[in-house]
Structure formats: structure tokens, C-alpha cells
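Observations on the model geometry
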Amino acid sequence: MKIGVLCLQGAVSEHGEALASCGADVEYVKRIEQLDHVDGLIIPGGESTTIGKLIERFGLAGPIKELASSGRPVYGTCAGLILLSRNVPGHSELLLQMMDTTVSRNAYGRQRESFEADLDIPVLGSAPYKAIFIRAPQIIAHGPDVEVLATYDGHAVAARQGNILVTSFHPELTDDNRMHCYFMEMAQEKK
Ligand code: GLN
């Protein structure tokens, strides 16, 4: 099972390590051709405006959508969630719009730019999941096809719509690899 990590900007190597610990082969994706032979793709956190511009510059938006249309899963974390969302008030680089979510960027405010929270994520089992949020986006609305996997402060912070998975937090920054293994299972289901 080969999982790609979009490697344009932001936290990439930690995603690779977490995927490898779940038994995945990892491909750091920069070019369109690489998308042909991955079984799933992670769009990592970072700065969504920058990543969006690079996606546009390298012509990756269409190929990423095609990858998802073929049934292979895509997982957007933090800035990746912003890039996948259908609606982001005030954000001009909406290229992908693959997830029926509305998100507010940097929504947790200055005091809480970075924080940790123990979440209940039933699809990962009963043990609490320590989630790390960094200038995180908040999912302020979502459509009926979006399955909420976890909430914090009354808002969805992990969600799935078919083969698209998103989290407001950074799963690659903890030792807990359950989110990455869950994504691997989504790729296995497709295969
Ligand atoms: N605040 C960033 C943005 O708006 C996202 C932060 C992150 O990915 N950790 O793009």
C-alpha cells in the first residue's frame, strides 16, 4: 500500500514516519505523475494560502480531484482541511472544494493558537486521542453527507465524506498513529 504525502510546504516527514509505522510505503509527492501510483494522498498542514498557490502553479488540482474520483482516499489535515473545504469565507484560493464543509481559519483565537485536547474518536477505539491544534481551522458548518468523527467545543474537528477525511488537528505530531492507520484502512477498502 503506497500512500502519498503532498510535499509542497508544511509538515511532511512526520506524516511519512506515522504512515510507515502503520505499514505503508510512503511517496513524497511533488509532481503530477507521482499521483498515478499512490493508493491515497495526505494534504498536510502548513499555510493554506501558500500550499494553494503551489497546487495551482504545479497544476495539481485536477489530478488530485481525479485521484479522489477514482475512489482512492484523500486526507487533509489542518491547512489540508481548509484546501479541501467547499467554503472558506475570505479565502480566495479555493481549488479543490471536495468536502462539503465551511471552515473558519485560525478560529480558536490568539490565546489558543496552539493547544492539546483529549478527544473521543469512536472510530479509533475507546482510548482518548490527544489532538494537537496549531492555528487550527474550525468547521463551522457541514452538509448532510459529512460524517462527524469527533467534536471539540461543539464543533466537528474530524470528519469524513466518503473517501475524503479531514481533521483540524495535526495527527503527525503525536506518537499515536491511529489516525494514519485509519486512513490506511480507507485505502485498503478501496483496493
Ligand atoms: N492557519 C493555517 C492556515 O490558515 C493552518 C494552520 C496549520 O495547518 N497548522 O492555513
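Description of the structure in this document. Just so we're clear, the structure is a prediction, and the values are computed from it rather than from any experiment.

About the cut-offs
Residues numbered from 1 in each chain as written. Predicted model: local features only at pLDDT ≥ 70, side-chain atom pairs only at ≥ 80, totals over all residues. Heavy atoms only, no water. Near = heavy atom within 4 Å. Polar contact = N/O pair within 3.5 Å; in protein donor to acceptor, adjacent residues only side chain to side chain. Areas by Shrake-Rupley, 256 points an atom, 1.4 Å probe, with all protein chains shown as cover. Buried < 20%, exposed > 50% of the residue type's maximum accessible area, 1.4 Å probe, protein only. Helix = DSSP H or I, 4+ residues; strand = E, 2+ residues; numbered from the N terminus. Contact = heavy atoms within 4.5 Å. Phe/Tyr/Trp six-rings, centres within 6.5 Å; stacked < 30°, edge-to-face > 60°. Disulfide = S-S within 2.5 Å. Expected span 1.5 Å × (residues − 1).

1. With respect to the site of the ligand
- Taken together, Gly45, Gly46, Glu47, Ser48, Cys78, Ala79, Ile82, Arg105, Asn106, Ile134, Arg135 and His170 are the residues near the ligand.
- Gly46 places a main-chain nitrogen or oxygen 2.9 Å from an oxygen atom of the ligand.
- Isolated, the ligand exposes 300 Å² of accessible area, and the fraction of that covered by the protein chains is 96%.

2. Comments concerning helix H3 (residues 61-69)
- Of all the residues in H3, the buried ones are Ala61, Pro63, Ile64, Leu67 and Ala68.
- In this structure, the buried side of H3 is in contact with strand E1 (2-6), strand E3 (40-43), helix H2 (48-57), strand E4 (74-77) and strand E12 (164-167).
- Remark: Gly71 follows H3 within two positions and exhibits a positive phi of approximately 100°.

3. Observations concerning the packing of aromatic side chains
- In total, this model carries nine aromatic pairs according to the counting rule given.
- With a centroid separation of 5.6 Å and an interplanar angle of 45°, the aromatic rings of Tyr75 and Phe183 are classed as tilted. With Tyr75 in strand E4 and Phe183 in helix H5 (residues 178-190), this pair connects stretches of sequence that are 108 residues apart.
- A relative accessible area of 0% places Phe183 in the buried class.
- Cluster of aromatic residues (ring-pair linked, three or more members): Tyr108, Phe115, Tyr129, Phe133, Tyr152 and Phe169.

4. Focus on the state of the cysteines
- Considering all chains together, one arrives at one disulfide under this definition.
- A disulfide-free cysteine, Cys7 has its sulfur positioned 17 Å from the sulfur of Cys78, the nearest such atom.

5. Let's talk about H5
- Across its 13 residues, H5 extends 19 Å between first and last C-alpha, which sits within 8% of the 18 Å expected from 1.5 Å per residue.
- Of the positions making up H5, those classed as buried are Arg178, Met179, His180, Tyr182, Phe183, Met184, Met186 and Ala187.

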